[in-house]
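Report on the structure
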Amino acid sequence: MSAAEPSIIERHLGLDRDVRARAAGVSVISVSGLRKSYGEHEVVRGIDLEVHRGEVFAFLGPNGAGKTTTVEILEGYRSRSAGEVSVLEEDPAAAGSAWRSRIGLVLQSCTMPPELTVRELVELYAGYYPHPRGVAETIELVGLVDKRDARTKQLSGGQLRRLDVALALIGDPELVFLDEPTTGFDPSARHHAWEVIANLRELGKTIFLTTHYMDEAQALADHVAVIVAGEIVAKGTPETLGGRDRALSDISFRLPSGTSLSELPHELTANAGRREDGRVHLSVPDPARALYALAGWALERGEHLDSLTVGRPTLEDIYLRLTDGQEHTE
Amino acid sequence: MSRWRLFAHQFRSDLLRFWRNPQSRYFTVALPIVFLVIFATMFKGTTVVDGRRIGITTFYVPGIMTLGIISASFVNLTQAIVTQRENGEYKRLRGTPLPAAFVIGSRAAVGVVVAVAMSALLLAIGRLAYSVRIPHSTMPGVVLAVIVGAAAFSCIAFAVATRISSAETAAPATNLTVLPLYFISGVFVAESIIPTFLRNIATFFPIHHLDEALLQPVVHTHGSGIATTDLLIVAAWGITALLIAVRTFQWSPRSG
């Protein structure tokens, strides 16, 4: 063996590095120019999506925006009218059972067989897959250990949803589709579900999530895309979506009685406005500087600034601006 | 898991679900037995058919077997298909590696197995409690009629299920179809008292022919007891239904 040639170990290391490098950037879902029409009505109008291995991708949009249609095309349930779709390197419309064993699905609604117990149902599904996770371990992961011998008809709505998640995970999939997984959950059940999803990411799973809850997307997602009327209107991380990172901060407070807006420091009056609730709102690019000026002004005059708040637009504010009342018109 | 083990895995679960379902237990398993006991208690005595003296109960065994077969392989199966489709179970299963043919094949097999078991049970009760004797020579006719009947009515179930849009209407729709046909097909009453025009209507449908195909080996006991024409008509219904089912079958719920 000459010195120039890499040793077996080096080659292994090199290979490992390659695999890791590819894994980090590899597309699990790749969509370009996707269109879907029902007769004259085009519900998906040429969208592009890219989901990378190991990330949580949140797909947001109002009802009727084409969200479910898109997800069902990716899951292999629906055909497409035009465009390219690749999920785990295969076309879902033509994929077979080997491909299905690599994905897990939580559909929007599914009633569980009332005659079977939690354990029987999870065991049944485990039998469908070539390399299933452990049944007991999966039941534990979704927090249904106490209910494992209960018939599914005795479960609450939230418990049924958790069972649904267990069935999606039992095949140890690389990619999990979660279609509104926490709809109808109480707050503690939602936080438990978030932990489960966060654990999945730790295991290196790729997660495609649709949700109506912006706090859910904020808490879980690495990347977000918003679909409105069949088109993607914004893409990015939850922090940067729709220019959220560059958006102005909002400082609001009540003016001391007998003080008028024009008495504020000059550099602040330009951005100030008084709203119907009597509060003053300042829209500023640099909140630290504005607060410094404002606080100095108040201290100098010996005044209190009642109910001072500093806020940045939440993901929900951005989402509402992007979707602009679509939720009600569709 | 090999393909056969996978099918057996699914079949075991489907059979367990059949047995745990109260509707299946009461209507498909208990009801035909109750009917046989009632008819046998109500109509006593003997008569001579083709030179052989038989109990009146013997006339009712083929009819109640027809009821048992159709209940298991058509009424119960149709309700199961519609319920599982509307619940989203089929859609979910289509998202797993379980082959589509196993999803429906396993549940159909439950219908056929229950139909065969019910036929055997009814024959056993008839023999032990009411001295209903079937010659060995016509047993092939009985076996063939049960199998062809169960298979054909399973196919009809898959064709009809597509026409039913909700789980709530599956039971009334299937019962409303078969109950009148039981009466005019001579399943519950002697054919001789059914008006000719009703009998003519009944001869179009497969229930009458399945009943005839069972009467042949149980009551008339000629030759091997195989009623070829009746069985061919039942099989033709099954094959036609299968062709329709293959073209129209739906996996996703109609509602939503």
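Above this text is the structure in question.
Given the structure is predicted, the values throughout are model-derived calculations rather than measurements.

Helix and strand counts for chain B come out as ten helices and two strands. Helices and strands appear in chain B in the N-to-C order α-α-β-β-α-α-α-α-α-α-α-α. Overall, chain B is about 60 × 40 × 30 Å in size when its C-alpha atoms are taken along their principal axes. For chain B, with 256 residues in total, the buried portion stands at 45%. Put simply, of all contacts in chain B between residues at least 6 apart along the chain, 82% involve residues at least 24 apart.

In this complex, chain B contributes 18 residues to the contact, which on the side of chain A involves 17 residues. Breaking the side of chain B that touches chain A down by element, the ones donating at least two residues are helix H1 (3-20) and helix H4 (89-94) of chain B. The biggest single contributor to the side of chain B that touches chain A is H1 of chain B, with five residues.

Core analysis: the biggest nonpolar cluster contains 70 residues, and Ala58, Ala166, Phe208 and Leu209 of chain A have the highest contact counts within it. For this core, the element with the highest residue contribution is helix H6 (residues 157-169) of chain A, accounting for six residues. Grouped together as the second largest cluster of nonpolar side chains are 59 residues, Ile64, Phe158, Ile207 and Trp237 of chain B included.

Glancing now at the sheet that holds strand E1 (residues 27-38) of chain A. All names here are of chain A. Spatial ordering of the open sheet is given by E2-E1-E4, a layout of three strands whose pairing is antiparallel. Only two strands of the sheet have a single neighbouring strand rather than two, namely strand E2 (41-52) and strand E4 (82-87). Averaged over all neighbouring strand pairs, the angle between strand axes comes to 15°, with direction disregarded. As judged from the nine bridges shared by E1 and E2, these two strands associate in the antiparallel manner. Bridge pairing in E2 places Val31 opposite Leu49. In the packing of helix H2 (residues 67-75) onto the sheet, the strands contacted are E1, E2 and E4, and the crossing angle to E1 comes to about 125°.

Residues and elements named next belong to chain A. Sheet analysis places strand E8 (residues 223-228) next to strand E9 (residues 231-236), joined by five bridges and oriented antiparallel. Following the sheet pairing, Val224 is matched in E9 by Gly236. Here E8 hands over to E9 after two residues, with Ala229 in that stretch at a positive phi of 50°.

The next subject is helix H3 (residues 57-86) of chain B. Residues and elements named next belong to chain B. Compared with an ideal rise of 1.5 Å per residue, which puts 30 residues at 44 Å, H3 spans 41 Å between its outermost C-alpha atoms and is within 8% of the ideal. Where H3 bends most, at Ser71, the angle is about 45°. By the criterion of burial, H3 is predominantly enclosed, with 29 of the 30 residues buried. Directly after H3, the chain includes Gly88, whose backbone phi takes a positive value near 85°.

Calculation notes
- Throughout this document, residue positions are counted from 1 along each chain, in the order its sequence is written.
- Whichever chain is written first becomes A and whichever ligand is written first becomes 1, with later ones labelled in order.
- Where totals are concerned, whole chains, interfaces and linings use all residues; where local detail is concerned, this predicted model gives features only for residues with pLDDT of at least 70, and gives and counts side-chain atom pairs only at 80 or more.
- The helix and strand labels rest on DSSP assignments: H or I over at least four residues marks a helix, E over at least two residues marks a strand, and numbering proceeds from the N terminus.
- Labels follow a simple rule on C-beta atoms placed from the backbone: if 20 or more others lie within 10 Å of a residue's own, it is buried; if 12 or fewer, it is exposed; otherwise it is partly exposed.
- By the criterion used throughout, residues are in contact when their C-beta atoms, derived from the backbone, lie within 7 Å.
- What makes a nonpolar core is a set of buried Ala, Val, Leu, Ile, Met, Phe, Trp, Tyr and Cys residues, with links drawn between C-beta atoms within 7 Å.
- At least two DSSP bridges between two strands are required for those strands to pair.
- The axes used here are C-alpha line fits, helices contributing only the stretch in contact, and every angle between their N-to-C directions lies in the interval 0 to 180 degrees.
- Expected span, for any helix, means 1.5 Å times one less than how many residues it has.
- What is called the bend at a residue is the angle between a pair of axes, fitted to the seven residues leading up to and ending at it and to the seven starting from it.

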